[in-house]
Amino acid sequence: MTPERLVELAKEAMTHAYAPYSGFKVGAALLCADGTVYQGCNIENAAYGPTNCAERTAFFKAVYDGHRDFQAIAVCGGKDGVISGAFPPCGVCRQVMREFCEDDFMLYLVDEKGYTAATLAEILPFSFSAKKHMQD
């Protein structure tokens, strides 16, 4: 799966967003190690707290289906579905990624001109995997 194809799937996922309050639609396409792709969109709620990001929607769908090994995610967003810059994942999404992904997990952050690639390690302020460093 090329990054470009993953980006196209993220753009398609953005069309499914439920964003009646902000009008800001986000789409994500998550690539599993076996080649399976899970798409996700943001789902807003008037209370805001129950809102779910596109990245987490994709991860939770994949985990539900038994996937735990991920390679990359493409994310795009913009007002009224028009891509308007690259938007890195929020802190909660980064934490979910840290739970399931290694430092070399790739993120493709889509903007109007293409995408920027970064690893999970590059977007985390401190790269630490508790599951690898826990002591009994």
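Analysis parameters
Residues numbered from 1 in each chain as written. Predicted model: local features only at pLDDT ≥ 70, side-chain atom pairs only at ≥ 80, totals over all residues. Heavy atoms only, no water. Pairing = 2+ DSSP bridges. Helix = DSSP H or I, 4+ residues; strand = E, 2+ residues; numbered from the N terminus. Axes fitted to C-alpha atoms, helices over the stretch in contact; angles between N-to-C directions. Contact = heavy atoms within 4.5 Å. Patch = residues over 30% accessible without salt bridge, like charges linked within 9 Å, V, L, I, M, F, W, Y side chains within 5 Å. Areas by Shrake-Rupley, 256 points an atom, 1.4 Å probe, with all protein chains shown as cover. Salt bridge = Lys/Arg side-chain N within 4 Å of Asp/Glu carboxyl O. Buried < 20%, exposed > 50% of the residue type's maximum accessible area, 1.4 Å probe, protein only. Phe/Tyr/Trp six-rings, centres within 6.5 Å; stacked < 30°, edge-to-face > 60°. Core = buried A, V, L, I, M, F, W, Y, C linked by side-chain atoms within 4.5 Å.

Visitor: Give a detailed account of the sheet that holds strand β5 (residues 114-119), specifying residues and quantitative values.
Guide: Pairing within the open sheet is mixed, and its five strands lie in the order β2-β1-β3-β4-β5. On the outer flanks of this sheet lie β2 (37-41) and β5, each paired with one strand and no other. Averaged over all pairs of adjacent strands, the angle between their axes in this sheet comes to 20 degrees, without regard to strand direction. Of the pairings in the sheet, the one linking strand β1 (residues 24-32) to strand β3 (residues 70-79) comprises nine bridges and is antiparallel in character. Its bridge partner lying in β3, Cys32 is registered against Phe70. Along the sheet, helix α2 (residues 54-64) contacts β1, β2 and β3; its crossing angle with β2, the most-contacted strand, is approximately 140 degrees.

Visitor: Tell me about a nonpolar patch on the surface, residues and numbers included.
Guide: The grouping of Tyr18, Tyr21 and Ile43 at the surface amounts to a nonpolar patch, some 330 Å² of accessible area in total. Position of Ile43 among the secondary structure elements: in the loop between β2 and α2.

Visitor: Report on α2, specifying residues and quantitative values.
Guide: With eight of eleven residues buried, α2 is to be regarded as a mostly interior element. Regarding α2, the residues found buried are Ala54, Glu55, Arg56, Thr57, Ala58, Phe59, Ala62 and Val63. Buried-residue contacts for α2 involve β1, β2, β3 and α3 (91-100). In the segment just after α2, Gly66 is the residue with positive phi, at about 95 degrees.

Visitor: Mind laying out the packing of aromatic side chains, listing which residues take part and the relevant values?
Guide: This structure, assessed with the given rule, holds six aromatic pairs. On the numbers, 5.1 Å between centres and 85 degrees between planes, the contact of Phe24 with Phe87 is edge-to-face. With a gap of 63 residues between them, Phe24 in strand β1 and Phe87 in the loop between β3 and α3 connect regions that are remote in the sequence. When its relative accessible area of 33% is taken as the criterion, Phe87 is described as partly exposed. An angle of 70 degrees between the planes, with centres 5.0 Å apart, marks the rings of Phe59 and Phe70 as edge-to-face. Of this pair, Phe59 sits in helix α2 while Phe70 sits in strand β3, and the two are eleven residues apart along the sequence. Exposure class is identical for Phe59 and Phe70. Each is buried.

Visitor: Break down the nonpolar core for me, with residues and values.
Guide: The biggest cluster of nonpolar side chains holds 23 residues, and the ones touching the most others in it are Leu30, Phe59, Phe70, Ile73, Phe105, Leu107 and Leu120. Among the elements of the structure, β1, α2, β3, α3, β4 (106-111) and α4 (120-123) are those that each provide at least two residues to this core. Residue contributions to this core peak at five residues, all from α2. Setting aside its immediate chain neighbours within four residues, Phe70 contacts Leu30, Leu31, Cys32, Ala33, Phe59, Ala62, Val63, Phe100, Cys101 and Phe105. Among the nonpolar cores identified, the runner-up in size contains 13 residues, and Leu6, Met14, Ala72 and Val110 belong to it.

Visitor: So, the pattern of salt bridges: which residues are in play, and what are the values?
Guide: Applying the stated criterion to the full structure yields two salt bridges. A salt bridge links Lys11 to Glu8; the nearest nitrogen and oxygen atoms lie 3.6 Å apart. Taken together, the positions of Lys11 and Glu8, both in helix α1 (residues 3-14) and three residues apart, correspond to about one turn of that helix. The partly exposed category is assigned to Lys11, whose relative accessible area is 31%. We note a salt bridge from Arg98 to Asp103, for which the minimum N-O separation is 2.8 Å. Residue class for Arg98 comes out buried when judged on its relative accessible area of 8%. Exposure remark for Asp103: the relative accessible area of 34% places this residue in the partly exposed category.

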